[in-house]
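Chain residues, written in single-letter form:
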Amino acid sequence: YLHIEPRDCFLGCGCWKPDRQSLTQIRQSIIAQPTSWKRTVNQIRSGGIFEISGDSLKRAPREIDGNHPHIEDLKRTDFILISKFTEQECVHPDFIEQVIDQIQHAKPWILLLVDILMCQV
């Protein structure tokens with residue numbers, strides 16, 4: 001999702017407001033395959049381009065152990081990446097190439113979510 005308006009320009013990638021079944025699938029995958037989840041999260045964070053963002057619950061969902069090592073991710077209700085742009089960046093001739101490059105950096109996140117939701121990893 002590419003959002004461009006005065007003083008609010010950003011690229012969003014991921015799963016925003018998933019339905020209950022999709023949210024459950026993502027959470028179950030984080031629990032079942034924590035190494036894969038952690039690897040992808042670390043890869044995104046190390047790139048320094050995106051912030052993992054979106055809404056989260058204040059407490060752990062009832063069915064999830066509040067001491068789980070990935071509890072902050074398990075409390076999420078959105079699984080999105082956000083990269084902000086300035087207005088000047090949005091009108092720069094290379095802006096589209098910059099967006100494409102950033103989408104490439106988001107690819108591991110997107111592919112993991114697709115695998116979880118489509119293949120039920």
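Structure shown above.
Small disclaimer: the values here were computed from a predicted structure and weren't measured.

S.K.: Break down the packing of helix α2 (residues 34–47) against helix α5 (residues 95–119) for me, with residues and values.
M.R.: Contact pair α2 / α5: the axes reach a minimum separation of 9 Å and the direction vectors enclose 155°. Classified by the interaxial angle, the pair formed by α2 and α5 is roughly antiparallel. In terms of crossing hand, the pair formed by α2 and α5 is left-handed. Every residue of α5 that contacts α2 at Ser 36, Trp 37, Thr 40, Val 41, Gln 43 and Ile 44 is listed here: His 105, Ala 106, Pro 108, Trp 109 and Leu 112. Of the residues assigned to the contact of α2 with α5, the class counts are 7 nonpolar, 4 polar and no charged.

S.K.: For the pairing of strand β2 (residues 8–15), give the residues involved together with the corresponding values.
M.R.: Across the 8 residues that make up β2, a large majority, 6, are buried. Across 4 bridges, the pairing between strand β1 (residues 2–5) and β2 is antiparallel. What sits directly across from Ile 4, in β2, is Cys 9. Sheet analysis places β2 next to strand β4 (residues 79–85), joined by 7 bridges and oriented antiparallel. Within β4, the position partnered with Leu 11 by the bridge is Ser 83.

Cut-offs and rules
Residues numbered from 1 in each chain as written. Predicted model: local features only at pLDDT ≥ 70, side-chain atom pairs only at ≥ 80, totals over all residues. Heavy atoms only, no water. Axes fitted to C-alpha atoms, helices over the stretch in contact; angles between N-to-C directions. Helix = DSSP H or I, 4+ residues; strand = E, 2+ residues; numbered from the N terminus. Parallel < 35°, antiparallel > 145°, perpendicular 65-115°, else oblique. Left-handed = near helix turned anticlockwise from the far one by under 90°. Contact = heavy atoms within 4.5 Å. Nonpolar A, V, L, I, M, F, W, Y, C, P; charged D, E, K, R; others polar. Buried < 20%, exposed > 50% of the residue type's maximum accessible area, 1.4 Å probe, protein only. Pairing = 2+ DSSP bridges.

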